[in-house]
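A structural walkthrough
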Amino acid sequence: MIKLTRAFCFSIVLLLGVVYNACATEIWVSINGNDTHEGTKVAPLATLNMALRKARELRRLKDSGIANGIRIILLEGTYFLNTPIFIRPEDSGTATSPTIIEAYKDSKPIISGGMRVPNWKKAGSVNGLKSGTVWVADAPKQAGTLLNYRQLWVNGVKATRAKSTTGSKMNRILSWDKASETCWIPLENKSLAYEAGMEMCIQQWWAIANLRISDIEVKGDSAKLSFLQPESKIQSEHPWPAPWISKTTGNSPFYLNNALAFLDEPGEWYLDKANAKLYYYPRKGEQLNNLEVVVPVLENLVTVKGTIDNLVEHVHFKGISFQHSNWLRPSEQGHVPLQAGMYLLDAYKLKVPGTPDKAGLENQGWIGRPRAAMEINYAHNLLVEGCEFTHLSSTGLDLHRGTKHNVVSGNLFKDIGGSGINVGVFSDEAFETHLPYNPKDSREICEYERITDNLITDVTNEDWGTVGISAGFVKDITIAHNEISEVSYTGIGLGWGWTKTVNVMQNNTVKGNYIHHYGKHLYDVAAIYTLSAQPKSVITENVVEDIYYNPYAHDPYHWFYLYTDEGSSYFTVENNWVPSEKFLQNANGPDNVWQNNNAYVADSIKANAGIRKPYQHLKTEVVTDREWPLQEVLHYAALELIGTDFSASEIQSIATKHGVIAPQLYQWNNHLVLYGKLNHIDLLQQRLEVEYPTAKIKAYDVPVYNFNKYERCKDTNLAPQWKHVLLTANLVDNAQLQNEYLEYHNIQFKDWPEVAQGFCNANFQQLQVFKNNRQLLLVISIPETSTLEELNPKTTENNPKVEEWNALMKKYQTGIEGAKPGETWVFLKPLQTSNE
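Let me begin by describing the structure that accompanies this report. Treat the numbers as computed from the prediction; the structure is a model and nothing was measured.

Scanning the protein from terminus to terminus reveals 11 helices and 67 strands. By the compact-globule yardstick of 28 Å for 836 residues, the protein fits well, its C-alpha radius of gyration being 31 Å. Across the 836 residues in the protein, those meeting the buried criterion constitute 58%. Intrachain contacts of the protein at a sequence separation of at least 6 include 76% that bridge at least 24 residues. For the protein, the accessible area works out to roughly 34,100 Å², and carbon and sulfur atoms hold 49% of it. The averaged location of the 91 negative side-chain charges in the protein is 4 Å from the averaged location of its 78 positive side-chain charges.

For the rest of this paragraph, the subject is the pairing of strand β25 (residues 293–296). Here β25 shows two buried faces, one formed by Val293 and Val295 and the other by Val294 and Pro296. By the bridge criterion, 3 bridges tie strand β8 (residues 114–116) to β25 in an arrangement that is antiparallel. The residue bridging Arg116 from the neighbouring strand is Val294, located in β25. As judged from the 2 bridges shared by strand β13 (residues 153–154) and β25, these two strands associate in the antiparallel manner. Following the sheet pairing, Val154 is matched in β25 by Val293.

With that out of the way, let us pick up the state of the cysteines. One pass over the full model with this rule turns up 1 disulfide. Residue Cys713 pairs covalently with Cys760 via a disulfide, S to S 1.9 Å. Torsion about the S-S bond of the Cys713 and Cys760 cystine: about -90 degrees, corresponding to left-handed handedness. Of this pair, Cys713 sits in the loop between α7 (709–712) and β63 (722–731) while Cys760 sits in helix α9 (residues 753–761), and the two are 47 residues apart along the sequence. What makes Cys713 buried here is its relative accessible area of 10%. Between Cys183, a cysteine without a disulfide, and Cys201, which holds the nearest cysteine sulfur, the sulfur-to-sulfur distance is 12 Å.

Among all positions of α9, only Val755, Ala756, Gly758, Phe759 and Cys760 are buried. Where the residues of α9 are buried, they touch β62 (705–708), α7, α8 (735–751), β64 (766–772) and α11 (800–809). Phi turns positive one or two residues past the end of α9, at Asn763, with a value near 65 degrees.

Turning our attention to empty space enclosed by the protein. Taken as a whole and assessed by the stated rule, the structure comprises 6 cavities of 30 Å³ or more. Taken as a whole, the largest cavity holds about 90 Å³ of empty space. In terms of lining residues, the largest cavity is bounded by 14 residues, among which Gln339, Ala340, Ser470, Gly493 and Tyr529 are the most central. Going through the elements one at a time, β44 (469–471) and β48 (492–494) are the ones with two or more residues in the lining of the largest cavity. A class-by-class count of the residues in the lining of the largest cavity yields 9 nonpolar, 5 polar and no charged.

Further remarks concern the nonpolar core. Membership of the largest hydrophobic core comes to 142 residues, with the highest contact counts inside it found for Ile72, Met200 and Phe317. Of all hydrophobic cores here, the second largest spans 25 residues; its members include Val725, Ala762, Ile780 and Leu788.

It is worth spelling out the pattern of salt bridges at this point. Within this structure, the stated rule accounts for 40 salt bridges. A salt bridge links Asp138 to Lys277, with the shortest nitrogen-to-oxygen separation between them at 2.5 Å. On the criterion of sequence distance, the pair formed by Asp138 in strand β10 (residues 135–138) and Lys277 in strand β24 (residues 277–280) is long-range, its members being 139 residues apart. Accessibility expressed as a relative area gives 53% for Asp138, which makes it exposed. According to the relative accessible area criterion, Lys277 is partly exposed, its value standing at 25%.

Spatially, β9-β10-β24-β23-β15 is the arrangement adopted by the 5 strands of the open sheet, whose pairing is mixed. Looking along the sheet, the strands with just one partner apiece sit at the ends: β9 (121–122) and β15 (160–161). Judged from the 2 bridges that link them, β15 and strand β23 (residues 268–272) form a sheet pairing that is parallel. Residue Thr160 lies in a different strand from β23, and its bridge partner there is Glu268.

Attention now goes to the environment of Asn730. Locating Asn730 in the fold gives a position in strand β63. As for Asn730 and Arg371, which are separated by 359 residues in sequence, their C-alpha atoms are 65 Å apart. Beyond its immediate stretch of four places on either side in the chain, Asn730 contacts Arg774, Gln775, Leu776, Tyr812, Gln813, Thr814, Gly815, Ile816 and Glu817.

Turning our eyes to something else, we now look at α11. Considered for burial, the residues of α11 that qualify are Val802, Trp805 and Met809. Summarising the axial view, the buried residues of α11 lie within an arc of 55 degrees, below the 170-degree limit, and thus occupy one face. Those residues of α11 that are buried are in contact with α8, α9 and β66 (813–814).

So, about the sheet that holds strand β19 (residues 199–204). Spatial ordering of the open sheet is given by β16-β22-β19-β20-β21-β18-β17, a layout of 7 strands whose pairing is antiparallel. Each end of this open sheet is capped by a strand with a single partner; those strands are β16 (171–172) and β17 (175–177). By the bridge criterion, 3 bridges tie β17 to strand β18 (residues 182–186) in an arrangement that is antiparallel. Bridge pairing links Trp176 to Cys183 in β18.

Let us now look at the packing of α8 against α11. Where α8 contacts α11, the two axes come as close as 11 Å, and the packing angle between them is 160 degrees. Classified by the angle between their axes, α8 and α11 sit roughly antiparallel to one another. Viewed along their axes, α8 and α11 form a crossing whose handedness is left-handed. Contact residues: α8 offers Tyr741, Tyr744, His745 and Gln748, while α11 offers Trp805, Leu808 and Met809. Each residue belonging to the contact of α8 with α11 can be placed in one class, and the counts come to 5 nonpolar, 2 polar and no charged.

Attention now goes to the packing of helix α5 (residues 648–657) against helix α6 (residues 681–691). Contact geometry for α5 and α6: axes closest at 10 Å, N-to-C directions at 145 degrees. The way α5 lies across α6 gives a crossing that is right-handed. Where α5 abuts α6, its residues Glu650, Ile651, Ile654 and Ala655 lie against Leu684, Arg687, Leu688 and Glu691.

The next subject is unusual backbone geometry. Pro230 follows Gln229 through a cis peptide bond whose omega is 15 degrees. The omega torsion across Lys613 and Pro614 is 5 degrees, close enough to zero to call that bond cis. Tracing the backbone through its elements, the reader meets Pro614 in the loop between α4 (603–608) and β58 (635–642). Residue Asn381 is not a glycine yet carries a positive backbone phi of 60 degrees.

Moving on: the packing of aromatic side chains. Taken as a whole and assessed by the stated rule, the structure comprises 33 aromatic pairs. A centroid spacing of 5.3 Å and a plane angle of 40 degrees characterise the contact between Tyr437 and Phe473, whose relative ring orientation is tilted. Taken as a pair, Tyr437 in the loop between β40 (421–423) and β41 (446–447) and Phe473 in the loop between β44 and β45 (474–475) lie far apart in primary sequence, 36 residues in all. Phe473 carries the same exposure label as Tyr437, and that label is buried.

With that settled, the discussion passes to the environment of Leu522. One can find Leu522 in the loop between β50 (514–518) and β51 (525–530). Residue Leu522 is classed as buried on the basis of its relative accessible area of 0%. For the pair Leu522 and Val294, spaced 228 residues apart in sequence, the C-alpha separation works out to 29 Å. Once residues within four sequence positions are removed from consideration, Leu522 is found in contact with Gln203, Trp205, Trp206, Ala207, Ile208, Trp464, Gly465, Ser488, Tyr489 and Asn550.

Parameters at a glance
- Residues numbered from 1 in each chain as written.
- Predicted model: local features only at pLDDT ≥ 70, side-chain atom pairs only at ≥ 80, totals over all residues.
- Heavy atoms only, no water.
- Helix = DSSP H or I, 4+ residues; strand = E, 2+ residues; numbered from the N terminus.
- Rg over C-alpha atoms; globule rule 2.2 N^0.38 Å.
- Buried < 20%, exposed > 50% of the residue type's maximum accessible area, 1.4 Å probe, protein only.
- Contact = heavy atoms within 4.5 Å.
- Areas by Shrake-Rupley, 256 points an atom, 1.4 Å probe, with all protein chains shown as cover.
- Lys, Arg positive; Asp, Glu negative; His and termini not counted.
- Charge placed at Lys NZ, Arg CZ, Asp CG, Glu CD.
- Pairing = 2+ DSSP bridges.
- Disulfide = S-S within 2.5 Å.
- 1 Å grid on protein atoms, 1.4 Å probe; cavity = no way out; pocket = protein on both sides within 12 Å on 5 of 7 lines; lining within 4 Å.
- Points joined across faces, edges and corners; volume = space filled by probe spheres on them.
- Nonpolar A, V, L, I, M, F, W, Y, C, P; charged D, E, K, R; others polar.
- Core = buried A, V, L, I, M, F, W, Y, C linked by side-chain atoms within 4.5 Å.
- Salt bridge = Lys/Arg side-chain N within 4 Å of Asp/Glu carboxyl O.
- Arc of directions from axis to C-beta.
- Axes fitted to C-alpha atoms, helices over the stretch in contact; angles between N-to-C directions.
- Parallel < 35°, antiparallel > 145°, perpendicular 65-115°, else oblique.
- Left-handed = near helix turned anticlockwise from the far one by under 90°.
- Phe/Tyr/Trp six-rings, centres within 6.5 Å; stacked < 30°, edge-to-face > 60°.

Remember that the coordinates give geometry; whether it matters functionally is a separate question.
In structure tokens, the structure reads:
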């Protein structure tokens, strides 16, 4: 006889749209319970698996007490698993009788796949460090077998696997030999020697690779690394992304790890398998008598798995914390990802390019999928709400195949080695990854999923190429109002396949998300990134800002706010707030619509983006690295080259490679001005000085006066396309008058508001005045379809104060060298180049 509590009554509208107003059967679980107990509040069970068995039996026996649902209630505490929780079709509820697995009121039960490591003591001297500096414990075992793991948490903070460099520093490889499958590195530590288990982590374009080292050969100030199979062959044969070799930006960065010799910095740890010892170099303030060390054991904590004909349905998870998952494939077979953490099983360059789907395709690849703390297949109408996915080695939550009408809302994803959320098939292991996905049975497709109002922060902190939310071949998915921060690569990735061919993907929506502090370690990146044809899909009302500066990027300018990559087709991208129009549309297919993506979208869009009520309490968990610099926001600026024999097309090409948005050239006599939106103007200037060593090059970076229609006019609607009119003049050679000129422009908006109103009347989109020593550069931006001759008279029409202003300014200005007598402002003529 199953004796359970049926007294709890509730009335609530859940996210799935079902109203409950009834008494549900309760099954209670406690860390102090016993699985022989009845499962009441006073006699709780000990494990969730046993609670699920009791619920399963109630449904099998069609118990009348469960007509209004089953609540499995977890009391406070950490539930260490020895086997994953398995939810199967027989555990399914119904729309009116769901199975709800939830935390007791004001409790935070933790389901952990880890194991505590007790009995720490001070070690003797390690690596020449003073005795007692490093702590040691017996390495944990299970059934007499030493456990393996790649992560370790001390008092809830992830420690660092001992590595060859300090802090965030990386070294750069010297070369990579694909034929011998070896890599040469600089030898900073002359005593470097091979240790079993040693690995190399290498950054290459938009991914990293973890390579197990098989041998180290030292020659002088360099060392040659060889690697174990299968990753050695894959790493040297796959063409994308390959090790980066560049004299301009530097070769691929790397570090070595997992060797006792590298244990030399607070916060590092090392597992000595040979002697079954675990070492830890404590951080400042940590005490031996107040220490909780946890290592991960299970790769998967919860499996929800139906079949294509027998689904799991109507199971809810509420308020549960899932922690301490393991992921050992990199330690057992290496890890060479193609993209988004999907690791290559085989990959190579085609000698003769072309496939039936893509005539120009020059490579093939087959991929595997990393493990996740919660893995869901063939399940409908699930709810994951108010849960925490933290301290995890690989993916947090994975909705893999055959999932439909599931809701993931109001959850925290934090301190995760891989992606926060994966959803949809990417490519099966036997399915070449560049092919369009069109399964014969549409029930395999992940569709109608809602991923909303989650906080995803400090994820991708092990595999830097993973993504905050990564969606593969999905249909009718909604990713909305999530906040994503502190990610190593992309915030949201949508799509797979690199193909313009129409496939299962359609009607997908990415809306109202707030993405910031991304791209920390890898470029070729965007806050929102897409692949392949996705008819009727929309990216709208998202807010993006604050991308990290990446000191080791293969291309320091190859970062974007929005990025539709290869094959992206049939998208509408509109009304997204971004600091500047730094976008990439690479090898796109047909019928993409881009409109009104800038810093001038409606204020309500910026105000409404991100997490909504009632989940805004999650924002207190946001992580950002205040010590790590951000990319300078792109802004309008100019460089002036004075000299002869300039190549306009070459200058424009250099500007484009340095990330200048819409670089345009203007000329007057021997003055050539490059104008556009850019950052790091000093680096561009240095590059041009190398190209034109005899030219005088002047920078105009920060305007001394900046009128913008959006900020100053009642009519804030900006023209979709602008053209710029450039003029230049000098200030008079009088320091006092120069200061007066600057002061007048500093107070103009306050004391001379009629001037700005004149610019509004003329429909000037922007007017900027730059200064370099005495020389002024005036840039008037107007609608593409207008002319300055048409608009300028409107500045003074019924506005005598503008005429007064213009007359006043004349005493401060004079012509530059070469101007005609009496000529003050000279116009620079726009140039057309072969690149346009």
